[in-house]
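Chains, contacts and geometry: an overview
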Amino acid sequence: MNIVLTGFMGTGKTSVGRLLAKALGFDFVDMDAVIEDRAGRSISEIFAAEGEDHFRKLERGLVGELCARPRLVIATGGGIVLDPRNVEDFVENCFVVCLNADPATILERVAREGHRPLLECGDKEGRIRSIMSRRADMYARVPHQIDTDGLSVEQVAADILLEYNRCRIG
Ligand code: S3P
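The following paragraphs examine the structure supplied in this document. Owing to the predicted nature of the structure, the values given are computational and were not obtained by experimental measurement.

Details of the overall build of the chain
Scanning the chain from N- to C-terminus turns up eight helices and five strands. Taken from the N to the C terminus, the helices and strands of the chain come in the order β-α-β-α-α-α-β-α-β-α-α-β-α. Against the compact-globule benchmark of 15 Å for 170 residues, the chain has a radius of gyration of 15 Å, which places it among compact chains. Projecting the C-alpha coordinates of the chain onto the three principal axes gives extents of approximately 45 × 35 × 25 Å. Counting the 170 residues in the chain, one finds 43% classified as buried.

Following this line, the structure appears as structure tokens:
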């Protein structure tokens, strides 16, 4: 069964996903990277040229595609939960986890990176807090929740594996 990692920007979906895929012998798919490859431009360029709605449509199409493929670890973009159908489709077909972290942890992780269009304007911490509180209910709908504060990427991956194996056996 595929593993899908959701969660806010900077919660470690990509790093954890790579480790999990390696441990399970599954392929790793980073949805943002697939969208960028296919579009031939970065997420920021897609947002600027075609708008966020267009990006959300590309994400929506990719969800269906990935649900039909076996043995994947999928790192989603942080906004995948905005369309409830994405979460429903993933939950129906995959083991879906939400990685959580405090705004301060996220700020620290994203502070040096400039590739997230939703955090580029104005006060980063304020943007993180307001987007996070707007999405709190949506992230809460994901069946498996992991608190990543103070944990290494390896520890988060190990926790997820434990839960994944427990669910497969149980
Ligand atoms: C977004 C998160 C980003 C990327 C895009 C929008 C969001 O992915 O998909 O910038 O709406 O939260 P990461 O969560 O990998 O940063």
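Right, picking up where we left off after that structure.
Considering the pairing of strand 3 (residues 72-75)
Burial of strand 3 is two-sided: the residues L72 and I74 facing one way and the residues V73 and A75 facing the other way are all buried. Examined bridge by bridge, strand 2 (residues 27-30) and strand 3 share four bridges and lie parallel to one another. In the sheet register, V29 faces strand 3, and the bridge partner there is I74.

Details of the site of the ligand
Taken together, 13 residues lie around the ligand, and K13, D32, R56, R116 and R135 are the ones closest in. In the model, an oxygen atom of the ligand is placed 2.8 Å from a nitrogen or oxygen of the D32 side chain. Here G79 contributes a backbone N or O atom positioned 3.2 Å from an oxygen atom of the ligand. Burial of the ligand by the surrounding chains reaches 95%, relative to a free accessible area of 390 Å². Broken down by class, the residue content of the shell around the ligand amounts to five nonpolar, three polar and five charged.

Examining the packing of aromatic side chains
Applying the stated criterion across every chain, the model contains three aromatic pairs. With a centroid separation of 5.3 Å and an interplanar angle of 80°, the aromatic rings of F95 and Y164 are classed as edge-to-face. Separated by 69 residues along the polypeptide, F95 in strand 4 (residues 95-100) and Y164 in helix 8 (residues 153-169) bring together distant segments of the chain. Summarising the burial analysis for this pair, F95 and Y164 share the class buried.

Calculation notes
- Throughout, residues of each chain are indexed from 1 in the direction in which the sequence is written.
- Note on the predicted model: pLDDT of at least 70 is required for a residue's local features to be given, and 80 or more for side-chain atom pairs to be given and counted; whole-chain, interface and lining totals, by contrast, use all residues.
- For the side-chain quantities, the full set of heavy atoms in the structure was used; hydrogens and water were omitted.
- The helix count covers DSSP runs of H or I at least four residues long, the strand count covers runs of E at least two residues long, and both are numbered beginning at the N terminus.
- Radius of gyration: over C-alpha atoms. The globule rule applied is 2.2 Å multiplied by the number of residues raised to the 0.38 power.
- Only protein chains enter the calculation, and the probe is 1.4 Å; a residue is then buried if its accessible area is under 20% of its type maximum, exposed if over 50%, and partly exposed in between.
- Paired strands, in this sense, are two strands between which DSSP finds at least two bridges.
- Only heavy atoms are used to decide nearness, and a residue is near a molecule or strand if one of them lies within 4 Å of it.
- Think of a polar contact as two N or O atoms within 3.5 Å of one another; within protein, one of them needs to be a possible hydrogen donor and the other a possible acceptor, and neighboring residues in sequence only count if both atoms come from side chains.
- The method behind every accessible area is Shrake-Rupley, applied with a 1.4 Å probe, and residues are considered shielded solely by the protein chains displayed.
- Residues are grouped as follows: Ala, Val, Leu, Ile, Met, Phe, Trp, Tyr, Cys and Pro are nonpolar; Asp, Glu, Lys and Arg are charged; every other residue, Gly included, is polar.
- Here is the rule: rings of Phe, Tyr and Trp (six-membered ring for Trp) pair when centre to centre is within 6.5 Å. Planes less than 30 degrees apart are stacked, more than 60 are edge-to-face, and the remainder are tilted.

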